[in-house]
Amino acid sequence: MTEQLRLMAVHAHPDDESSKGAATMAKYVSEGVDVLVATCTGGERGSILNPKLQGDPYIEEHIHEVRAKEMAEARDILGVKQEWLGFVDSGLPEGDPLPPLPDGCFALQDVDEAAGALVRLIREFRPHVITTYDENGGYPHPDHIMTHKISMVAFDAAGDPERYPEAGEPWQPQKLYYNQGFNRQRTQALHDALIGRGMESPYGEWLERWNEMGRERTLTTFVPCADFFEIRDKALIAHATQIDPDGGWFRVPLDLQREVWPTEEYELAKSLVDTSLPEDDLFAGIRNN
């Protein structure tokens, strides 16, 4: 292709882009790919997960503005563009039985209507590839599941001139992937490497839960991006309300990660081009067309 390649990553909240596929995005930016993050909600109902910032009255009162500033910093670190779709965070319901979701939140929107905002952005940006979450949301947060739903509708609708005619000139993306960075193969490899070096592993409970569930996703695409793990971590730390820099996310030394598992993983969900699996490039089958 002589045309500049374009990648759109659709995420539920600010910080998701830095914990899922961030090194991949930074790699593609370094290669001249135009990368846009579509953030569905503002993270307004997110908890303050960094214990160092919990109880701060300013942050608690202005969480929306604080998270927007964090997103701006992470965006700059990764070198990506970013747009807000403007939906309101649904929060993560807890309890038994679960409480109802708040009125007006993202997860309670009509799927076809909500997908219109994403269709408009797809038609404006014209991505060749889209990444999003699988039908389980990666984990069952209602906003992640809703992100999956609108992404699937928008991928199919964006190229159809009869659907969402008010949303701009049709554009059909060529491939859609599910982020699968939190997968058992990677986790087991890092766990074994840590134990083999006499180090403590943070992954024991994760692996036990996977054993109980017994189901694994299909990994189709392994993008080499180890040189960008440090940028990924810096972007994640920029989301200070959500990430403790001394927490579990950062317990595995970067050198060990680069040696043992130097890729980020995806599941190819839709493709309108021919490609051979497994892949090492989200644009496989597109670059040569």
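Conventions and cut-offs
Residues numbered from 1 in each chain as written. Predicted model: local features only at pLDDT ≥ 70, side-chain atom pairs only at ≥ 80, totals over all residues. Heavy atoms only, no water. Phe/Tyr/Trp six-rings, centres within 6.5 Å; stacked < 30°, edge-to-face > 60°. Helix = DSSP H or I, 4+ residues; strand = E, 2+ residues; numbered from the N terminus. Buried < 20%, exposed > 50% of the residue type's maximum accessible area, 1.4 Å probe, protein only. Lys NZ or Arg CZ within 6 Å of the ring centre and 35° of its normal. Pairing = 2+ DSSP bridges. Axes fitted to C-alpha atoms, helices over the stretch in contact; angles between N-to-C directions. Contact = heavy atoms within 4.5 Å. Salt bridge = Lys/Arg side-chain N within 4 Å of Asp/Glu carboxyl O. Parallel < 35°, antiparallel > 145°, perpendicular 65-115°, else oblique. Left-handed = near helix turned anticlockwise from the far one by under 90°.

Caption draft 1: Inspection of the packing of aromatic side chains at higher detail. One pass over the structure, following the stated rule, counts 7 aromatic pairs. Residues Tyr28 and Phe283 carry aromatic rings whose centres are separated by 5.2 Å and whose planes lie at 90° to one another, so their mutual orientation is edge-to-face. Of the two residues, Tyr28 is situated in helix H2 (residues 22-30) and Phe283 in the segment after strand E7 (263-271); the sequence distance between them amounts to 255 residues. Both residues of the pair, Tyr28 and Phe283, belong to the buried class. Ring pairing ties together the aromatic residues Phe182, Tyr203, Trp206, Trp210 and Trp249, which thus form one cluster. Note that Lys27 overlies the ring of Tyr28, its terminal NZ or CZ placed 5.9 Å from the centroid.

Caption draft 2: Just the pairing of strand E2 (residues 34-41), in detail. The buried fraction of E2 is high, at 8 of 8 residues. Looking at chain direction, strand E1 (residues 6-11) and E2 are connected through 6 bridges and run parallel. Bridge assignment links Ala9 to a residue of E2, and that residue is Val37. In this structure, E2 lies alongside strand E3 (residues 81-87), joined through 5 bridges in parallel fashion.

Caption draft 3: Structural detail: the sheet that holds E7. Spatially, the 7 strands line up as an open sheet ordered E3-E2-E1-E4-E5-E7-E6, and their pairing is mixed. At either end of the open sheet lies a strand with only one pairing partner, and these are E3 and strand E6 (221-224). Along the sheet, successive strands turn relative to each other by an average axial angle of 30°, direction set aside. The pairing of E6 with E7 spans 4 bridges and is antiparallel. In the sheet register, Pro224 faces E7, and the bridge partner there is Thr263. Each of E2 and E3 is contacted by helix H4 (residues 63-78), which is oriented at about 155° to E3, the strand it contacts most.

Caption draft 4: A look at the pattern of salt bridges. By the definition in use, this model includes 17 salt bridges. Note that Arg217 is salt-bridged to Asp134, the shortest N-O span being 3.5 Å. Here Arg217 is found in the loop between helix H8 (204-213) and E6, whereas its partner Asp134 is found in the loop between strand E4 (129-132) and helix H6 (142-157), with 83 residues between them in sequence. Across the pair Arg197 and Glu259 runs a salt bridge whose closest N-O atoms are separated by 3.0 Å. In this pair, Arg197 is assigned in the loop between helix H7 (184-196) and H8 and Glu259 in helix H10 (residues 254-260), connecting sequence segments 62 residues apart. We classify Arg197 as partly exposed; its relative accessible area is 42%. A relative accessible area of 56% means that Glu259 is categorised as exposed. One continuous salt-bridge network, built from bridges that share partners, spans Lys27, Glu31, Asp281 and Arg287.

Caption draft 5: How the structure looks around the pairing of E7. The sheet contact formed by strand E5 (residues 175-179) and E7 spans 5 bridges and is antiparallel. Each residue of the ladder has a partner; that of Tyr177, found in E7, is Leu268.

Caption draft 6: A look at the packing of helix H5 (residues 111-125) against H6. With their axes 8 Å apart at the nearest point, H5 and H6 run at an angle of 60° to one another. Regarding the angle of H5 to H6, the classification is oblique. Read as a crossing pair, H5 and H6 show a hand that is right-handed. On the side of H5, the interface is formed by Val111, Asp112, Ala114, Ala115, Leu118, Val119, Ile122 and Arg123, while H6 contributes Met146, Lys149, Ile150, Ser151, Val153, Ala154, Phe155 and Ala157.

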